[in-house]
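Structural overview
Here's the letter readout for the chains.
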Amino acid sequence: MRRKKLLTRKQRAIRWGVGAVCLFLWMNLALHVGYLLPVQAFWEMEEQIGAGDLEVVDRRWETGSDFFLSAGWLSLAGNEHAVVLAPEQWTYTGWQINGPEVLACDDGAPLHVGILSVQRTQFANGTPEPGEDWVPFQTTVYLFGRVDDPDIRSLRMELDASREDGEHLEVTTDRAEWIVRDDGAYFLLQQEFGGFLITDLQQTTAYDAGGHIITTVTGGT
């Protein structure tokens, strides 16, 4: 009887390593999970929304959020066809992007704007210090989009929120805060509000340098 050749410890380690790499490749290509890099999830999102190659113009690291569950990136990207706000989240199955906000920009409009609301609990922000009040919920609102008309110098965005006092929220921004690219000026604003709010973007008004209204957008685009 022919004797079976025994593998050395190094050979076994190499075989296990090759098997693990093949498993990860199969998970990436067949199941679309197990991404080890956030850019892999970003590439998959590009294919899913069919907007072509997107340029990332702003990227922020988010921690301590119930929305992200763990640390993750929030990326603002775009091209001539679309603007995308993508939450890149690390999960037990690797990097994923769930529910990207997409604005279609093929209509020739001078302004495109969208909103993403994130609810956090006190657990996400850590336990309060002695003497501090317990804050059950906190809402973070991200306002994003692109300005395609160079004459637009500032924006006023009106938010409607389901809060007890019925107060409407307002956010303003000007060109000094925007990121200028060849295809337009991108913006990503972050506002923190106490309490659990279901926010909705009611209206965005765009002004020129003299304070004259150029256009008004109802809701998101």
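The notes below deal with the structure included here. Along each chain, numbering runs from 1 in the same order as the chain's sequence is written. At least 70 in pLDDT is required for a residue's local features to be given in this predicted model, at least 80 for side-chain atom pairs to be given and counted, and no such filter applies to totals for whole chains, interfaces and linings, which use all residues. Water and hydrogen atoms were dropped before computing side-chain values, which therefore reflect all heavy atoms in the structure.

Let's talk about the overall build of the protein
Per the convention used, a helix needs a DSSP run of H or I reaching at least four residues, while a strand needs a run of E reaching at least two, with both numbered from the N terminus. Each helix and strand counted, the protein has three helices and 13 strands in total. Exposure classes here rest on a 1.4 Å probe applied to the protein chains alone. A residue is buried below 20% of its type maximum, exposed above 50%, and partly exposed in between. Expressed as a percentage of the 221 residues in the protein, the buried residues total 38%. The long-range fraction of contacts in the protein, counting pairs at least 24 apart against all pairs at least 6 apart in sequence, stands at 57%. In these tables, accessible area is a Shrake-Rupley quantity obtained with a 1.4 Å probe, and a residue counts as shielded only by the protein chains included in the view. Carbon together with sulfur atoms contributes 55% to the accessible area of the protein, which is approximately 13,000 Å² in total. The criterion used for residue contact is that any of the two residues' heavy atoms lie within 4.5 Å.

Focus: the packing of aromatic side chains
Two rings belonging to Phe, Tyr or Trp (six-membered ring only in the last case) form a pair when the distance between their centres is within 6.5 Å. Interplanar angles under 30 degrees mark stacking, angles over 60 mark edge-to-face geometry, and anything in between is tilted. Using the criterion set out here, one finds two aromatic pairs in the structure. With a centroid separation of 4.9 Å and an interplanar angle of 70°, the aromatic rings of W61 and W73 are classed as edge-to-face. With W61 in strand β1 (residues 55-62) and W73 in strand β2 (residues 72-78), the pair connects residues that are twelve residues apart, well separated along the chain. Residue W73 is classed as partly exposed on the basis of its relative accessible area, which comes to 24%. Note on W178 and F187: the rings are 6.2 Å apart at their centroids and 40° apart in plane angle, and the pair reads as tilted. Note on W178: relative accessible area 7%, which makes it buried. When the ring centre of W73 is taken as origin, the NZ or CZ atom of R59, which lies over that ring, is 4.5 Å away. In our convention, an over-ring charge means Lys NZ or Arg CZ found within 6 Å of a ring centre and within 35 degrees of that ring's normal.

Topic: the pairing of strand β7 (residues 137-147)
Of all the eleven residues making up β7, nine are buried; the element is thus mostly covered by neighbouring parts of the structure. Bridge analysis of β7 against strand β11 (residues 184-194) gives ten bridges, and the strand direction is antiparallel. Bridge pairing in β11 links Y142 to Q190. Two strands qualify as a pair provided DSSP detects at least 2 bridges between them.

Some remarks on the environment of V83
For V83, the position within the fold is in strand β3 (residues 82-91). For V83 and E101, which are 18 residues apart along the polypeptide, the C-alpha to C-alpha distance reads 8.3 Å. Those residues in contact with V83 that lie beyond four places of it in its chain are L76, A77, G78, E101, V102, L103, C105, F144, G145, R146 and Y186.

So, the pattern of salt bridges
The rule for a salt bridge is simple: a side-chain nitrogen of Lys or Arg has to be within 4 Å of a carboxyl oxygen of Asp or Glu. On inspection of all chains with the given rule, the structure shows seven salt bridges. E55 serves as the salt-bridge partner of R181, at 3.1 Å between the closest nitrogen and oxygen. Of this pair, R181 sits in strand β10 (residues 179-181) while E55 sits in strand β1, and the two are 126 residues apart along the sequence. What makes E55 partly exposed here is its relative accessible area of 41%. The salt bridge involving E88 is made with R59; its shortest N-O contact spans 2.6 Å. Of this pair, E88 sits in strand β3 while R59 sits in strand β1, and the two are 29 residues apart along the sequence. By relative accessible area, which is 1% here, E88 ends up buried. Assessed through its relative accessible area of 35%, R59 is described here as partly exposed. Within this structure, R146, D148 and D183 form a network of salt bridges that share partners.

Some thoughts on a nonpolar patch on the surface
Each patch groups residues whose relative accessible area exceeds 30% and which form no salt bridge, using 9 Å between like charges and 5 Å between nonpolar side chains of Val, Leu, Ile, Met, Phe, Trp and Tyr. A grouping of L37, V39 and W43 is seen on the molecular surface, where their side chains present a nonpolar patch of about 300 Å² in accessible area. Take L37: it is sitting in the loop between α1 (9-31) and α2 (38-49).

Describing the environment of D149
Note on placement: D149 falls in the loop between β7 and β8 (154-161). Between the alpha carbons of D149 and A109 there is a distance of 8.5 Å; along the sequence they are 40 residues apart. Not counting residues within four places of it along the chain, the set of residues in contact with D149 comprises P110, R175 and I214. What qualifies as a polar contact is a pair of N or O atoms within 3.5 Å, subject to a donor-acceptor requirement within protein and to the restriction that residues adjacent in sequence count only when both atoms come from side chains. Within the local environment of D149, its side chain forms a polar contact with the backbone nitrogen of D151, the two atoms lying 2.9 Å apart.

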